[in-house]
Amino acid sequence: MSTYHAAMELLSTKGRFIPNYKCDNRNNLVAVFGGPKSNFCLYMADILCIYKIPQLIYGSAPAMNNKKEATFLYKMFPNLSNQYMGIMKLLLYFRWIWVGVIYVDNEPGQRFLQETLPVFSEHGICFDFVLNFPTMTFSNSLLEMVIGGSNLSLLVMESTAKAVVVHGEIQTMIVLRLLLRGAEIKEIPMRTKAKVWIWIAQMDFTSMDFQRGWDLDFLHGALSFAAHSREVLGFGQFLQVRDPSSETEDGFIGDFWRHAFGCSLPSTTEGMADEEICTGEEKLESLPGSVFEMSMTGHSYSLYNAVYVVAHALHAMYSSMLNHIAVADGERKKLLRQQPWQFHEFLKRVSFNNSAGDMVSFDQNGEIAAGFDIINWVTFPNMSFLRAKVGRIEPKAPPNKVFTIREDAIIWPQMFNQVQPLSLCNDRCHSGDSKSKKEGEPFCCYDCLPCPEGKISNLEDANDCFQCPEDQYPNTDRDLCLQKHITFLSYEEPLGITLAIFALSFSLVAAFVLGIFVKHQDTPIVKANNRDLSYILLISLLLSFLCALLFIGRPKKMSCLLRQTTFGIIFSVAVSCVLAKTVIVVLAFLATKPGSRMRNWVGKRLANSIVLSCSFIQTTICIVWLITSPPFPDLDMHSLSEEIILKCNEGSVTMFYCVLSYMGFLASVSFTVAFLGRKLPDSFNEAKFITFSMLVFCSVWLTFVPTYLSTKGKYMVAVEVFSILASSAGLLACIFCPKCFIIVVRPELNDKGQLIRRPNERR
């Protein structure tokens, strides 16, 4: 109602309230300054836009539904969307993602709630609470408003959010102080200081008379946004020489003097006999900062610029008209009385540098082209405070400089001991963990779960863990990938050296046994059961021991091609010899029976046929393997978590197991035949020794398969080498040790007569 009345007064003759009737040619209205509350500007526009009068808004401008009316508004306050972007960047910079919001339930507050907070959420900020201030209406008192806001203040103080964004207007600070004062009275006083208050530029520090003695601790460490301002040269001196007695036409000065100094001016003492009279010595700089600030605030700077905008636009308009029209004095007076709508074109184009050095101009939307300052509030015991500029929002700057902040210049609230506070729903997840959402909680609230086996996270609050590259593995804390080292069964490690020594030792033993047999080749025990088969068997065992050396050392193309095929063929020859010796023993005893036809089968031809045919089949399998899918050197990066295994890829696993299966088949046949002939007379019979040797051989290789499949890396190769050495040593020991014992230790038994007599005596 007051705003409408003031607007219509401007349309009347000065001193006479007759709207739409002006007979005063000296006081021509060219523009109106409005603010700082948005509803003031809205109500003012309802009246003044009808007359197309320019209105310069120095507070938050309202949202105009009528676009035509909006063209008459010039916003001396920077674009609010830039401010909200700055608040979001500030929260994200300090990683305050768990915040509270208090807003005034008016049109700007609803827009902030509906348009800006969802954008905050999209960028990872969530809210512990979103509350509106209690409103004061004609139907309730100030006390009732404070009582109604007690629940709000308690909720805010008990919140775990350390950062609280306050969205309001210039008088909101009065309400906020009331609520905090009530919380301090009801609760622990220090709890009100455990918040970082962040308020918008539309707000400013204002106070009522009864709040004059209240402490300002809640301000200490707070952060706020303000329309960009600079210190105007001469402004301080201007305030120092203010003399209300010489400004009788300005009723505001007298009213302010009475509230600020507690005294009345002599010209206003009528009806106030009980009030103290001002001495005239009162100075504005003597007032505490909570009552009056000597520096120019953002709102004042906007109003200061607005005055000069109108002055420059008027100058441009009059200069333009006078330069193009030469008129008489009477016509010139008429010319200077232009209509308000003619002033708009000059306002839109105004551009100048003010006395502080800032460029002042409007953009295409009628908004001042300026940014925001980020203010850090610092209080002092003498009820004064300092607004320290610690950052800037500059929309026209390069993208990386739109938002700037000097973190080291910020003074934090006392409760945080000058340590940047954290405003989180829960503690951050350290590297090595990942976030897991809590059911029923806002997305900023989460649990921290360790990364699963094989994955890491190297950032705080990682949404998920990720796999290391193939050639790397996670450390124990699962926050770093370490380089895997290449491993293989080498001659430089104890296991490889040990196996190599055993292979060489057994090969020397086999060579020694072969030497004994060659030296005593004409003795009955060497001749018994095919001397040539014994030589072939000893040579194959010697080669099998040496074959084990192919498995030790860095896998190369040639060694990979040879190791399995050579092993398969040599072992097949050895087992074929054992099978031939077993068959010959059985057939020899069957041939001694009267009338037996087995006599035709006993001889070297059968033995050679068995060895050649059995070995040929294995050789054929190996050749097919080498032609179709030969083994090759390969890197296995997945079997072991911390090692890269340099191995021989078998090429075809099927062919590898075909080689093993065929060898197992020969061993089984040999074992079966030897087992059936184990009860033949001892003197000419190797069947018992062969049975035991093949039992050892089969046991080793039956154990090999599951053990081989269950081991990884170089130990898999070591198992195969061990199996080769153990089975070969078993054959060597079980078949040839008894004969060597007789040849070397008991040579008297190595006699044909002894061999013939002993079975007869036994019969």
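Residues numbered from 1 in each chain as written. Predicted model: local features only at pLDDT ≥ 70, side-chain atom pairs only at ≥ 80, totals over all residues. Heavy atoms only, no water.

Chemist: Got a minute to help me understand the overall build of the protein in this structure?
Modeler: Within the protein one finds 22 helices and 22 strands. Considering the protein as a whole, with its 763 residues, one finds that 46% of them fall into the buried category. Here the contacts in the protein between residues at least 6 apart in sequence split such that 68% fall between residues at least 24 apart. Put simply, the protein shows about 38,900 Å² of open surface, and 59% of that area lies on carbon and sulfur atoms. (Helix = DSSP H or I, 4+ residues; strand = E, 2+ residues; numbered from the N terminus. Buried < 20%, exposed > 50% of the residue type's maximum accessible area, 1.4 Å probe, protein only. Contact = heavy atoms within 4.5 Å. Areas by Shrake-Rupley, 256 points an atom, 1.4 Å probe, with all protein chains shown as cover.)

Chemist: What is the right way to look at the packing of aromatic side chains in this model?
Modeler: Each aromatic ring pair is summarised here by two numbers: the centre-to-centre distance and the angle between the ring planes. Within this structure, the stated rule accounts for 33 aromatic pairs. When the centroid spacing of 6.4 Å and the interplanar angle of 90 degrees are considered together, the rings of Phe112 and Phe120 count as edge-to-face. You'll find Phe112 and Phe120 in the same group, each marked buried. Measuring from centroid to centroid gives 6.4 Å for Phe697 and Trp701, while their planes differ by 45 degrees, and the two rings are tilted. Here the residue Phe697 and the residue Trp701 both occupy positions in helix H20 (residues 687-710), the gap between them amounting to 4 residues, near one helical turn. (Phe/Tyr/Trp six-rings, centres within 6.5 Å; stacked < 30°, edge-to-face > 60°.)

Chemist: Help me understand the side chain of His299, please; the structure alone is not making it clear to me.
Modeler: With respect to the secondary-structure elements, His299 resides in helix H11 (residues 298-324). By relative accessible area, which is 7% here, His299 ends up buried. Excluding residues within four positions of it along the chain, His299 makes contact with Pro36, Tyr58, Phe77, Ile170, Ala201, Gln202, Met203 and Asp204.

Chemist: How do you make sense of a nonpolar patch on the surface when you look at a structure like this?
Modeler: The grouping of Leu504, Ile539, Leu543 and Leu546 at the surface amounts to a nonpolar patch, some 310 Å² of accessible area in total. Ranked by residues supplied to the nonpolar patch, first place goes to helix H16 (residues 531-547) with 3 residues. Within the secondary structure layout, Ile539 lies in helix H16. According to the relative accessible area criterion, Ile539 is partly exposed, its value standing at 40%. (Patch = residues over 30% accessible without salt bridge, like charges linked within 9 Å, V, L, I, M, F, W, Y side chains within 5 Å. Salt bridge = Lys/Arg side-chain N within 4 Å of Asp/Glu carboxyl O.)

Chemist: Help me understand the packing of H16 against helix H21 (residues 714-745) in this model?
Modeler: Packed helix pairs are characterised by how far apart their axes lie and by the angle those axes make with each other. Their axes nearest at 9 Å, the elements H16 and H21 cross at an angle of 150 degrees. When the axis of H16 is compared with that of H21, the two are roughly antiparallel. Relative to H21, the crossing made by H16 is left-handed. Every residue of H21 that contacts H16 at Ser534, Leu537, Leu538, Leu541, Ser544 and Phe545 is listed here: Ile724, Leu725, Ser728, Ala729, Leu731, Leu732, Ile735 and Phe736. A breakdown of the residues in the contact of H16 with H21 according to their chemical character gives 11 nonpolar, 3 polar and no charged. (Axes fitted to C-alpha atoms, helices over the stretch in contact; angles between N-to-C directions. Parallel < 35°, antiparallel > 145°, perpendicular 65-115°, else oblique. Left-handed = near helix turned anticlockwise from the far one by under 90°. Nonpolar A, V, L, I, M, F, W, Y, C, P; charged D, E, K, R; others polar.)

Chemist: Looking at this structure, how should I read the side chain of Lys714?
Modeler: As for its position among the elements, Lys714 is in helix H21. For Lys714, a relative accessible area of 16% corresponds to the buried category. Reaching out from Lys714, the side chain makes a polar contact with the side chain of Glu493 at a distance of 2.7 Å. Not counting the four nearest positions on each side in its chain, Lys714 is found in contact with Thr487, Phe488, Leu489 and Glu493. (Polar contact = N/O pair within 3.5 Å; in protein donor to acceptor, adjacent residues only side chain to side chain.)

Chemist: Explanation requested: the state of the cysteines in the structure shown.
Modeler: Covalently bonding the sulfur atom of one cysteine to the sulfur atom of another cysteine gives a disulfide. The tally for this structure, following the rule as stated, stands at 7 disulfides. A sulfur-sulfur separation of 1.9 Å characterises the disulfide bridge that pairs Cys263 with Cys278. What sets the handedness of the Cys263 and Cys278 disulfide is the S-S torsion sign, and at about 95 degrees it is right-handed. Taken together, the residues Cys263 in the loop between helix H10 (251-261) and H11 and Cys278 in the loop between H10 and H11 connect sequence positions 15 residues apart. Assigned by exposure class, Cys263 and Cys278 land together as buried. Covalent S-S linkage joins Cys560 and Cys648, the inter-sulfur distance amounting to 1.9 Å. With the S-S bond torsion at -80 degrees, the cross-link from Cys560 to Cys648 turns out left-handed. Linking Cys560 in helix H17 (residues 557-591) with Cys648 in strand S22 (residues 643-649), this pair joins segments that are 88 residues apart in sequence. Like Cys560, the residue Cys648 is buried in the burial classification. You can see Cys740 has no disulfide; the closest cysteine sulfur is in Cys737, sitting 6.3 Å from it. (Disulfide = S-S within 2.5 Å.)

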